[in-house]
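An overview of the molecular structure
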Amino acid sequence: MSEDSFAADYEAARARFDAGEYAGAAPLFASLVDRSVLEPPLHGTTELRLYLARSYYHSAQLARAEEILRAMLVDNPDDHYALLMLGRTLQRQSRHDEAKPHLAMAKLLGGYDIDGPDFPES
């Protein structure tokens, strides 16, 4: 894999994402994540996995989004944006009690304003 090819594929995936074509962007980001892990030059996968999770989230592939986000949090449990996304993903699956601790940590670590109808006070 050449660096130019990887960059071109990344730009194509980003273009789809930015155009709101989340279902189309997801397999492109999944391929980039796989390539970045297995082939030199090795790239960090945090940004790619976050785009993949967001693509899954926005295309209502919530179980896949949850899987990616949980794996990200194993690697970096203090990633406030991954915590926020996991909480929102769980909320969209009507798993509000499971979402609460993730959203609370996202609020604490990232300063997100999460109060409101989606995050009831206990």
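A brief look at the structure comes next. Counting from 1, residues in each chain are numbered in the order their sequence is written. A pLDDT threshold of at least 70 governs which residues receive local features in this predicted model, and a stricter bar of 80 or more applies before side-chain atom pairs are shown or counted, although totals over entire chains, interfaces and linings include all residues. Hydrogens and waters are ignored; side-chain quantities use all the structure's heavy atoms.

Some words on the overall build of the protein chain
Secondary structure is summarised from DSSP: a helix means a run of H or I of at least four residues, a strand means a run of E of at least two, and numbering begins at the N terminus for each. Of the regular secondary structure elements, the protein chain holds six helices and zero strands. A simple rule labels every residue: compare its accessible area, found with a 1.4 Å probe on the protein chains alone, to the largest value its type can have, and call it buried under 20%, exposed over 50%, or partly exposed in between. In the protein chain, which comprises 122 residues, the proportion classed as buried is 38%. Contacts in the protein chain between residues far apart in sequence, at least 24 positions, make up 46% of those at least 6 positions apart. Surface exposure here means Shrake-Rupley accessible area, sampled with a 1.4 Å probe, where a residue is shielded only by the protein chains that are shown. Counting only carbon and sulfur atoms, one obtains 53% of the accessible surface of the protein chain, whose full area is about 6700 Å². Working rule for contacts: check all heavy atoms of both residues, and any pair within 4.5 Å makes them a contact.

Looking at the nonpolar core
Formed by 33 residues in total, the largest nonpolar core has its most connected members in Phe29, Leu32, Leu48, Leu52, Tyr56 and Leu69. Mapped onto this core, the elements with two or more residues apiece are α1 (3–18), α2 (22–38), α3 (46–58), α4 (62–75), α5 (80–92) and α6 (96–110). With seven residues, α3 is the single largest residue contributor to this core. What leucine 48 contacts, discounting residues up to four positions off in sequence, is Phe6, Tyr10, Phe29, Leu32, Val33 and Ser36. Buried residues of nine kinds, namely Ala, Val, Leu, Ile, Met, Phe, Trp, Tyr and Cys, make up a nonpolar core once their side-chain atoms join them within 4.5 Å.

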